[in-house]
Protein chains: 2
Amino acid sequence: MVKEMVAVMGSKTEEFKEEKEIFLEHIQKSGLRRTAQRDLILEVFLRTEDHLSSEDLYWLVQKEDPNVGQTTVYRTLKLLTEAGLAREVRLGDGRTYYEHHFDHEHHDHMICTECGEVIEFFSAEIEELQDQMAEKFNFKPTHHSLRILGICGECQKLEREQSVASGAQPRVRVKTTLN
Amino acid sequence: MVKEMVAVMGSKTEEFKEEKEIFLEHIQKSGLRRTAQRDLILEVFLRTEDHLSSEDLYWLVQKEDPNVGQTTVYRTLKLLTEAGLAREVRLGDGRTYYEHHFDHEHHDHMICTECGEVIEFFSAEIEELQDQMAEKFNFKPTHHSLRILGICGECQKLEREQSVASGAQPRVRVKTTLN
DNA sequence: CCAATTATTGAAACAGTTTGCATAAACAAA
DNA sequence: TTTGTTTATGCAAACTGTTTCAATAATTGG
C-alpha cells in the first residue's frame with residue numbers, strides 16, 4: 001500500500017506540468033506537505049475536463065486508489081481553489097462543483113433544467129455593467145456568479161416533438177429548484 | 001387548541017388580501033387543502049419583509065403557534081414558491097432563503113462576505129444582455145440569478161479604520177465561501 | 001537517530017432538508 | 001350532520017453535502 005503510493009508520487013503523466021508546479025508552490029508557500037493523495041487527486045482532477053462535484057471526483061479517485069477518503073477530496077479541492085487551479089461553482093442544486101480555473105477564461109453558466117446541460121459563456125459588457133452597479137452602491141466586488149436557468153436547444157426540440165407525438169399535453173417540469 | 005386555530009383561520013389581518021387570494025387559488029387549482037398552519041405560515045411570511053430561511057420562519061411561527069413543525073414550514077415555503085408568492089434565494093451559505101416575490105420587482109443581490117449584508121439591485125441593461133446571450137445559444141431562459149460577492153461600504157470603512165489602529169496587518173477574510 | 005512538533009487522515013459528527021408513516025384534519029357526498 | 005375518502009401534519013428517521021476531531025504519519029531540531 002505504501003509502495004503503491006510512492007509509485008504514484010512520481011506523478012503518472014508528464015502532462016499538466018505547469019499546474020503541478022503551481023500546486024507544489026502553493027503547498028510549500030503555505031507550509032503544507034506534499035502527499036500521495038493530494039498528487040493523485042490533482043492528477044485526476046486535471047485529467048477530467050468537466051464540472052465535478054466532490055463526490056464525482058471521489059469516485060474517480062477511488063477507482064485508482066481505494067485508500068482515499070471523501071474528506072481528503074473535499075480538502076484537496078479547497079486547496080486547489082486556493083491555489084487558483086480550481087473554481088467553485090454552484091449550479092443550483094445543493095452541491096458545489098469544481099471546474100478548471102488555471103488558464104481558463106472567466107465565464108458564467110447557462111443551465112438546462114431539463115437535461116442538466118451546462119453552457120459556458122462570457123460577456124464583457126455584462127461584466128462591465130456589474131462593476132458599474134457595484135460602484136454605484138460603493139460595493140467592492142471580489143467575485144460574482146451569474147446563472148441563467150432555462151431550456152437548452154436540444155430539449156426545446158424534444159419538447160416540440162413530444163407535444164406533436166402525444167397530443168400536446170402541457171409537460172411537467174422536472175424538479176424546478178429555482179435559483 | 002382547536003379553537004385557537006379556528007380563530008386564526010379567519011385571517012388575523014386584513015392586509016395582504018391579494019396574496020392570500022393567490023394562495024387560495026393555487027391551493028384549489030392544485031387540489032390541495034386550506035389549513036390553519038398554511039394560513040399562519042403565509043401570514044407570518046408576508047408580515048416579514050426580509051430574506052428568511054426556513055428555520056427563521058419556523059421560529060417566528062412557533063411564537064404564535066407552537067403546534068407547527070419544521071416540516072410543514074419547509075413544505076409550505078415550497079408551496080408559496082410554486083404559487084409565485086415567494087422566491088428561493090441561495091445566498092452562498094448552505095441555506096435556502098425566501099423572499100417576497102409577488103408584486104416585487106425582479107432584482108439581483110450583492111452580498112457582503114464580511115457582515116453578510118444583502119443589497120438588492122436591478123439593471124435593465126444587464127437583463128437585456130442576458131437575454132441576448134441566451135438567444136445566441138438558442139437557450140430559452142426561465143430564471144436567472146446574479147450574485148456579486150464583495151465588501152460593502154461599511155465594512156470597507158471598518159477595514160480602513162482597523163488597519164490604521166492596529167498597524168496594517170493584512171486582514172484574514174472570514175469564511176470565503178466563494179461563488 | 002530519537003523525541004517533539006506539526007500536518008494529514010478517515011471516521012464520526014453535524015446542519016439543513018427530505019421522506020415514511022401513523023394520526024388528525026379537511027372536504028364532499030349522502 | 002354524519003360518514004367516508006383523501007390530504008395534511010408532525011414526529012422520527014433517512015439522506016445529503018460538509019466539517020470536526022482524535023489518532024496517525026511526516027518532518028524538524030537536537
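Below is a short write-up of the structure. These numbers were taken from a predicted model, which means no experiment stands behind them. (Residues numbered from 1 in each chain as written. Chains lettered and ligands numbered in written order. Predicted model: local features only at pLDDT ≥ 70, side-chain atom pairs only at ≥ 80, totals over all residues. Heavy atoms only, no water.)

## Quick word on the sheet that holds strand S3 (residues 97-100) of chain A
Residue and element names in this part refer to chain A.
- Here we have 3 strands laid out as an open sheet, ordered S1-S3-S2, and antiparallel in their pairing. Edge positions in the sheet fall to strand S1 (52-53) and strand S2 (86-89), since each of these pairs with one other strand and no more.
- Along the sheet, helix H5 (residues 70-83) makes contact with S2 and S3, crossing S2 at roughly 110 degrees. (Pairing = 2+ DSSP bridges. Helix = DSSP H or I, 4+ residues; strand = E, 2+ residues; numbered from the N terminus. Contact = heavy atoms within 4.5 Å. Axes fitted to C-alpha atoms, helices over the stretch in contact; angles between N-to-C directions.)

## Comments concerning the protein's contact with DNA strand C
- Surrounding DNA strand C, one finds 20 residues, the nearest of these being Arg38(A), Thr71(A), Thr72(A), Lys78(B) and Arg95(B).
- For DNA strand C, the backbone portion of the atoms within 4 Å of the protein, that is sugar and phosphate, comes to 64%.
- With respect to DNA strand C, the side chain of Tyr74(B) contributes an N or O atom lying 2.7 Å from a phosphate oxygen.
- Elements with a minimum of two residues in the surface near DNA strand C: helix H3 (36-47) and H5 of chain A together with helix H5 (70-83) of chain B.
- Each residue belonging to the surface near DNA strand C can be placed in one class, and the counts come to 3 nonpolar, 9 polar and 8 charged. (Near = heavy atom within 4 Å. Polar contact = N/O pair within 3.5 Å; in protein donor to acceptor, adjacent residues only side chain to side chain. Nonpolar A, V, L, I, M, F, W, Y, C, P; charged D, E, K, R; others polar.)

## Brief notes about H5(A)
Residues and elements named next belong to chain A.
- Taking 1.5 Å per residue, 14 residues should reach 20 Å; H5 reaches 20 Å between its end C-alpha atoms and fits that length.
- The complete set of buried residues in H5 reads Val73, Thr76, Leu77, Leu79, Leu80, Thr81 and Ala83.
- With its phi angle positive at about 85 degrees, Gly84 sits one or two positions after the end of H5. (Expected span 1.5 Å × (residues − 1). Buried < 20%, exposed > 50% of the residue type's maximum accessible area, 1.4 Å probe, protein only.)

## Things to note about the sheet that holds strand S3 (residues 97-100) of chain B
Residue and element names in this part refer to chain B.
- Reading across from one edge, S1-S3-S2 is the order of the 3 strands in this open sheet, with antiparallel pairing throughout. The sheet is open, and its two borders are formed by strand S1 (52-53) and strand S2 (86-89), each paired with just one other strand.
- Bridging between S2 and S3 involves 4 bridges; their strand directions are antiparallel. Paired with Arg87 across the two strands is Glu99, which belongs to S3.
- Contacts from helix H3 (residues 36-47) reach S1, S2 and S3, with the element oriented near 75 degrees to S3.
- Against the sheet, H5 makes contact with S2 and S3, and its axis sits at roughly 110 degrees relative to S2, the strand it touches most.

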